[in-house]
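Tertiary structure, described
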Amino acid sequence: MSEQTVQATQVPSTTAAPSVHTHSVVVTNISEKANEKTVSDFFSFCGRISKLVLRSDDHGHQTAVVHFETEEAARTALLLTNALIVDTPITVKAGDASIETHDEKTKTFEGSKLSQQAAPTDASRSSIISSILSAGYKLGADVLQAAKDFDAKHGISSTISSGAEAIKHKVDEIDKQFKVSETASAIKNTAVDTVHAVDQKLGVSETFHAAKNTAAETVHAVDQKLGVSETLHAAKNTAAETLQSAKNTTAETLQSAKNTAAETLQSAKNTAAETVHAVDQNLGVSEKASAIKNTAVDTVNAVDQKLGVSETLHAAKNTAAETLQSAKNTAVDTVHAVDQKLGVSETLQAAKNTAAET
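Cut-offs used in this document
Residues numbered from 1 in each chain as written. Predicted model: local features only at pLDDT ≥ 70, side-chain atom pairs only at ≥ 80, totals over all residues. Heavy atoms only, no water. Helix = DSSP H or I, 4+ residues; strand = E, 2+ residues; numbered from the N terminus. Buried < 20%, exposed > 50% of the residue type's maximum accessible area, 1.4 Å probe, protein only. Contact = heavy atoms within 4.5 Å. Areas by Shrake-Rupley, 256 points an atom, 1.4 Å probe, with all protein chains shown as cover. Core = buried A, V, L, I, M, F, W, Y, C linked by side-chain atoms within 4.5 Å. Phe/Tyr/Trp six-rings, centres within 6.5 Å; stacked < 30°, edge-to-face > 60°. Arc of directions from axis to C-beta. Pairing = 2+ DSSP bridges. Axes fitted to C-alpha atoms, helices over the stretch in contact; angles between N-to-C directions.

**Notes on the overall build of the protein chain**
If you tally the helices and strands in the protein chain, you get twelve helices and seven strands. Buried positions account for 23% of the 358 residues belonging to the protein chain. Sequence-distant contacts, at least 24 apart, represent 73% of the contacts inside the protein chain between residues at least 6 apart. With an accessible surface of roughly 23600 Å², the protein chain has 55% of that area assigned to carbon and sulfur atoms.

The following block contains the structure:
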């Protein structure tokens, strides 16, 4: 005899007195944030609810009486103590109608007006608890084990297993009778042949290969049309030429400055020597000539101090070094500006990416 038949002999008849509540459970410590939908959504996993009574208590919580259509649903609900509804663990006990008073704190909802899960009537306790867990509810640590123990005690697991074996046996018979597996295999082979025939007829593989070649040719054509490679090469050459020109100009400027300084100094020395010699010739006074010579030497030194010949030479060296560095920076900036204006790097990268994606 099945479990459902055994349970039917234990359930009181529908004509029993209303005071008997074998199909009801009392749920306490319900969060004040929960409503009738929250409670019915949770407990309807156990079975169909015929009526729900929800009442606020004096401790900031709510108490509910849940009436099920079957005693089995009520027994399953008793396993759910310590389950979390909203943010509070609940307590579930056997039915008691004592809280079903009619005042402003009590609300009654008929089952037909409630939101309920479609729970199977012949499901095992373990499968019901698993369904509740998979729906995202948090249950007590021992709930699933208690459900398994209940199923084992009442032989539900073995009944379900036997049913499953019977179904498997029936499926095997149908498979042998109608050759379902063979037919499926034949259909699979036919599908493979069809795909191959379509490929041969429509040239799918060849089209893909042609598309790949077309993409490569497109990249090459874009390069040829926009002159990406040539532009990059020309930019590199221009930068190299600009840098070399700057180096040459700097070297020439430095050499010219050195030559000018040397000529100025030599001219001053020559002039001084000639002046001394002329004075010596005209006056014939060696001492005066010597004094004038010394004066001339001093004059040369004074000229050097006044005209800053040495400083000019030093400054010329510094200027040449700065000019060389500036030329290098200008060359780098020129290359970067050409890249930014023509988008050489981006164009080349886009072409590479397009080729890779194709």
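The rest of the description comes next.
**Overview of the nonpolar core**
In terms of nonpolar packing, the biggest core is built from 32 residues, with Val27, Phe42, Phe43, Val66, Phe68, Leu80 and Ile90 touching the most fellow members. Beyond its immediate chain neighbours, meaning those up to four positions away, Val27 contacts Phe43, Gln62, Thr63, Ala64, Val66, Ile90, Thr91 and Val92.

**Side note on the packing of aromatic side chains**
All chains considered together, the criterion is met by three aromatic pairs. With a centroid separation of 6.0 Å and 80° between ring planes, the pair formed by Phe45 and Tyr137 is classed as edge-to-face. With Phe45 in the loop between α2 (36-43) and β2 (49-56) and Tyr137 in the loop between α4 (125-134) and α5 (143-153), this pair connects stretches of sequence that are 92 residues apart. For Phe45, a relative accessible area of 12% corresponds to the buried category. An aromatic cluster of three or more residues is present, and its members are Phe42, Phe43, Phe45 and Tyr137.

**So, α4**
Listing the buried residues of α4 in full gives Arg125, Ser126, Ile128, Ile129 and Ile132. Seen end-on, α4 carries its buried residues on one side only, within an arc spanning 165°. Downstream of α4 by one or two residues, Gly136 has phi in the positive range, about 105°.

**Some words on the sheet that holds strand β7 (residues 106-110)**
Strand order in this open sheet of five strands is β6-β1-β3-β2-β7, and the pairing throughout is antiparallel. Each edge of the open sheet is held by one strand with a lone partner, namely β6 (91-94) and β7. The sheet shows a mean angle of 20° between the axes of neighbouring strands, direction not considered. Note: strand β1 (residues 24-31) against β6, four bridges, orientation antiparallel. Its bridge partner being in β6, Val25 is matched across the sheet by Ala94.

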